[in-house]
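Chain residues, written in single-letter form:
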Amino acid sequence: MKNKFKTGYVSIIGRPNVGKSTLLNYMINQKLSIVSRKPQTTRWNLYGIKTGNDAQIIFIDTPGLQKQPKSALNRHMNRGVTHSLDHIDIILFVIEALKWNELDQNVVELLKGTQRNKLFLIINKVDKINDKSQLLSFIDMVSGYIEFKEIIPMSAIKGIGLANLELLLIKNLPIAPPLYPEDQVTDKNERFFAAEFIREQLILRLSDELPYVSTITIDEFKDEDHIIHIHASIWVETRGQKSIIIGKNGNVLKVVGRAARLQLEKLFDKKVNLKSWVKIKSNWANSEQALKQLGYYE
Ligand SMILES: Nc1nc2c(ncn2[C@@H]2O[C@H](COP(=O)(O)OP(=O)(O)OP(=O)(O)O)[C@@H](O)[C@H]2O)c(=O)[nH]1
Ligand SMILES: [Mg+2]
């Protein structure tokens, strides 16, 4: 190993839905973090560790920062964002090209006082704009609020700008030996991914509000030679929600379970036998105690 090896933590923060998780997945070349068109998809900080010949970059995907979060769950998600900034080497503040609102402004408030040389501005979704000349005045406007070491336009979904970002990150990280073994890609265990991939299917397949009142626990995870047996509980708040998730003759639950199983088989590279049950815990998203029981505090 060269003696100029770089290692450091890079936190990805921004308002919901700007493409933070898409960026993390692209950087580590693997789908670890769940992605959807709905805001507030990510609920937990998730490490994606990229180890190369010259550097180990530990990316932290975070929940979209919310303004005045109302439920205990949303406050918990915001705390995750704040924690991700402790002992961090570089912060990627992700925004959407030509879109700026009070939620982005709210992120600026959190970042005020951060050293300029730790702060990169990522202008994502440039594939959506036709007139690129508008970007210059947009960048001027955002730079007026806070100063950045680097400003990088990109498209996380198309991979535009990501190689440049990687080079700039390596250039700016401290010289240090790697912190994780080179084959380790995340800090989370297999149960975490089982729960997240089921939640992703609920987000994709259910109407807008239902995913926000659902959470998953893994009650059994048995890894045998050729197959992994997983028992999962899908927690909702009311009987009505439970019957929607189960669906007529159990059809919705079957479709969700099948899609999640296929994703998990890809991730684990093994056959998966997934069984899911829908259960009720009233008002769980508003209770710190229920959040603890449901695995929100490690
Ligand atoms: N057109 C376009 N869409 C993108 C790009 N990056 C992400 N998206 C889409 O934007 C939506 C949100 O992406 P996510 O990666 O889940 O966003 P996030 O910032 O992690 O969202 P939260 O976890 O809710 O905070 C998804 O539909 C993505 O496919 C991009 O570069 N271009
Ligand atoms: Mg996300």
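Residues numbered from 1 in each chain as written. Chains lettered and ligands numbered in written order. Predicted model: local features only at pLDDT ≥ 70, side-chain atom pairs only at ≥ 80, totals over all residues. Heavy atoms only, no water.

### Re the overall build of the protein
As a reminder of what qualifies: Secondary structure counts use DSSP, requiring at least four H or I residues in a row for a helix and at least two E residues in a row for a strand, with both numbered from the N terminus. All radius of gyration figures rest on C-alpha atoms, and the globule criterion is 2.2 Å times the number of residues raised to 0.38. Two residues qualify as a contact provided that any one of their heavy atoms is within 4.5 Å of a heavy atom in the partner residue. With residues, only the protein chains shown are counted as cover, and all accessible areas are computed by Shrake-Rupley using a 1.4 Å probe.
A tally of helices and strands in the protein yields 9 helices and 9 strands. What you see for the protein is a C-alpha radius of gyration of 20 Å, in line with the 19 Å of a compact globule of 298 residues. Projected onto its principal axes, the C-alpha positions of the protein cover 55 × 45 × 40 Å. A separation of at least 24 residues holds for 72% of the contacts in the protein among residues at least 6 apart in sequence. A total accessible area of about 14,600 Å² is found for the protein, and carbon and sulfur atoms account for 50% of it.

### Considering the coordination of the magnesium ion (ligand 2)
We apply this condition: Listed donors are limited to N, O and S atoms within 2.8 Å of the metal, widened to 3.2 Å for Na, K and Ca; water is not among them, so incomplete-looking sites are possible. Relative accessibility decides the category of a residue: with a 1.4 Å probe and only protein chains considered, values under 20% of the type maximum give buried, values over 50% give exposed, and everything between is partly exposed.
Ligation of the magnesium ion (ligand 2) by protein atoms is provided by S21 (OG) and T42 (OG1), these donors lying 2.0 to 2.1 Å from the ion. Of this pair, S21 sits in helix α1 (residues 20–28) while T42 sits in the loop between α1 and β2 (46–51), and the two are 21 residues apart along the sequence. With relative accessibility at 7%, the residue S21 sits in the buried group. T42 gets classed as buried once you look at its relative accessible area, which sits at 9%.

### Thoughts on the domain arrangement of the protein
The cut-off we apply is this: Domain delimitation in this document rests on an assignment produced automatically or drawn from a domain database. Summed over both partners, the accessible area lost on bringing two parts together, with a 1.4 Å probe, is the buried area. A carboxyl oxygen of Asp or Glu within 4 Å of a side-chain nitrogen of Lys or Arg is what we treat as a salt bridge. Pairing of N or O atoms within 3.5 Å defines a polar contact, subject to two protein rules: one partner must be a possible hydrogen donor and the other a possible acceptor, and residues neighboring in sequence count only if both atoms are side-chain atoms.
The assigned domain composition of the protein is domain 1 (6–172) and domain 2 (190–293). For domain 1 versus domain 2, the separation of C-alpha centres amounts to 28 Å. Facing 21 residues of domain 1, the contacting portion of domain 2 comprises 23 residues. Summing both sides of the interface, domain 1 and domain 2 together bury roughly 1,800 Å²; the carbon and sulfur share of this comes to 54%. Area buried by domain 1 at its contact with domain 2 is led by I34, K38 and R43, which between them contribute 33% of it. Our enumeration of links across domain 1 and domain 2 arrives at 2 salt bridges. Two residues, E200 and K31, come together in a salt bridge whose shortest N-O distance is 2.4 Å. Put simply, domain 1 and domain 2 have 11 residue pairs in polar contact (both at pLDDT 80 or more) between them.

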